[in-house]
Amino acid sequence: MSLQLPKRAAAGAVLGISALALGGCSSETKEEWERFAMPDPASAQGEQILGLWQGAWIAALVTGVIVWALIFWAIFKYRRRSDDEIPVQTRYNLPLEIFYTIAPIIMVIVFFAHTVEVQNYVLDEDSVSPVENTLEITGQQWSWTFNYGVGEMDRSADDDLNDDLFPYDSYVYTAGTGGVIPTLVLPVDVTTRFNLHSPDVIHDFGVPAFLMKMDVIPGRVNHYAITPTTEGTYAGKCYELCGVYHSRMLFNVKVVSQEEYDAYVAGLVDEFEAEGRTPGAPALGGENASTQAGLESGEESEEGAE
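Residues numbered from 1 in each chain as written. Predicted model: local features only at pLDDT ≥ 70, side-chain atom pairs only at ≥ 80, totals over all residues. Heavy atoms only, no water.

Here the structure, examined in full by the defined rule, presents 16 aromatic pairs. Between Phe146 and Phe251, the aromatic rings sit 5.6 Å apart at their centres with planes inclined by 70°, giving edge-to-face as the arrangement. Taken together, the residues Phe146 in strand β2 (residues 143-150) and Phe251 in strand β10 (residues 250-256) connect sequence positions 105 residues apart. Since its relative accessible area comes to 0%, Phe146 is described here as buried. (Phe/Tyr/Trp six-rings, centres within 6.5 Å; stacked < 30°, edge-to-face > 60°. Helix = DSSP H or I, 4+ residues; strand = E, 2+ residues; numbered from the N terminus. Buried < 20%, exposed > 50% of the residue type's maximum accessible area, 1.4 Å probe, protein only.)

Encoded structure:
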């Protein structure tokens, strides 16, 4: 009886503290706990990544609870009950040793299998819906350039990423500077492919709300697709330490309706024409870039960017 009372008191205290802590949380905080601090996904691909993240945390927590329970059970079960007593000394336990050798291997295999499954899903650009829009994204020291295609998209142009063919015949673009954070505009519920270019060093293009990011590597064109599911404004940034002004590599993402997106691109075309410029090849150098893959001199690179 005397042993049961402390146990019940401890259990009651734990439940009371837990109820008090959860009761003081807002609905937003509770959702963060449910997502294990992962951002609320605003893309179809992000939903899959969130599921993998939650599953990994749940498995880790269950494993932790079992391990801690076994530790405290062994401490209690085989404790010394008097000063002159020596607990039973066990040199080995073959079934237990086999279990704690095989169990981690099984866990790693399961984690690996689920990770590969989700990775294949999010990197399959047609997994949610066929790619209907393609943007050429350039990360340069120290900002981003977003190239929007004008006219009809020819997706076959992306079959060979090493040639000079692009999905659209002409492009308009917006570019950030040291004092201007650029905004990337995307249509909602439309799968958009990002072709990632860098003329200088390795950057990393990512939007926390989409739960995806990818390295932007000079000399090659990495790519992935995103299907935004919620209209709104989100923050993006470079996830790779790319130099002294890495902190400037910020951008905003605005997810709008298809009609608003079309109007935005048409507005960029009007701006180009008003400034006496003609939509042409995508800008792959950027205002502050001094070199560009495939060009012989920095002077030509800057001309191409402008």
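A word on helix α5 (residues 258-274). Between the first and last C-alpha of α5 there are 24 Å, a value that for 17 residues agrees with the 24 Å anticipated at 1.5 Å per step. Regarding α5, the residues found buried are Tyr261, Val265, Leu268, Val269 and Phe272. Viewed end-on, α5 has its buried residues packed into an arc of 100°, placing them on one side of the element. Among the exposed residues of α5, those oriented more than 90 degrees off its buried face are Glu259, Ala263, Glu273 and Ala274. Here the buried face of α5 lies against β1 (133-140), β2, β3 (170-175), β4 (183-187) and β10. (Expected span 1.5 Å × (residues − 1). Arc of directions from axis to C-beta. Contact = heavy atoms within 4.5 Å.)

With respect to burial, β2 is a largely interior element, 7 of its 8 residues being buried. Judged from the 6 bridges that link them, β1 and β2 form a sheet pairing that is antiparallel. When the sheet's bridge partners are listed, Ile137 is paired in β2 with Phe146. Count of turn residues in the β1/β2 antiparallel hairpin: 2 residues. Summarising the sheet, β2 and β3 pair through 6 bridges and their orientation is antiparallel. Paired with Asn147 across the strands is Tyr173, a residue of β3. (Pairing = 2+ DSSP bridges.)

With that settled, consider the pairing of strand β6 (residues 203-207). A regular strand carries its side chains on alternate faces of the sheet. Within β6, 5 of the 5 residues are buried, which leaves it mostly tucked inside the rest of the structure. Going residue by residue along β6, you find His203, Phe205 and Val207 tucked away on one face and Asp204 and Gly206 tucked away on the opposite face as well. Two successive antiparallel strands, β6 and strand β7 (residues 212-216), enclose a turn made up of 4 residues, where Leu211 displays a positive phi of approximately 65°. With 2 bridges joining them, β6 and strand β9 (residues 232-238) adopt antiparallel strand pairing. In the strand pairing of β9, Gly206 is matched with Lys237.

Turning our attention to the nonpolar core. Among soluble globular proteins, nonpolar side chains are generally buried collectively. Core analysis: the biggest nonpolar cluster contains 44 residues, and Ile137, Trp144, Tyr148, Leu184, Phe194, Phe205 and Val253 have the highest contact counts within it. By residue number, the principal contributor to this core is α5, which donates 5 residues. In contact with Leu184, other than residues within four places in its own chain, are Leu135, Ile137, Phe146, Tyr148, Phe194, Phe205, Asn252, Val253 and Lys254. (Core = buried A, V, L, I, M, F, W, Y, C linked by side-chain atoms within 4.5 Å.)

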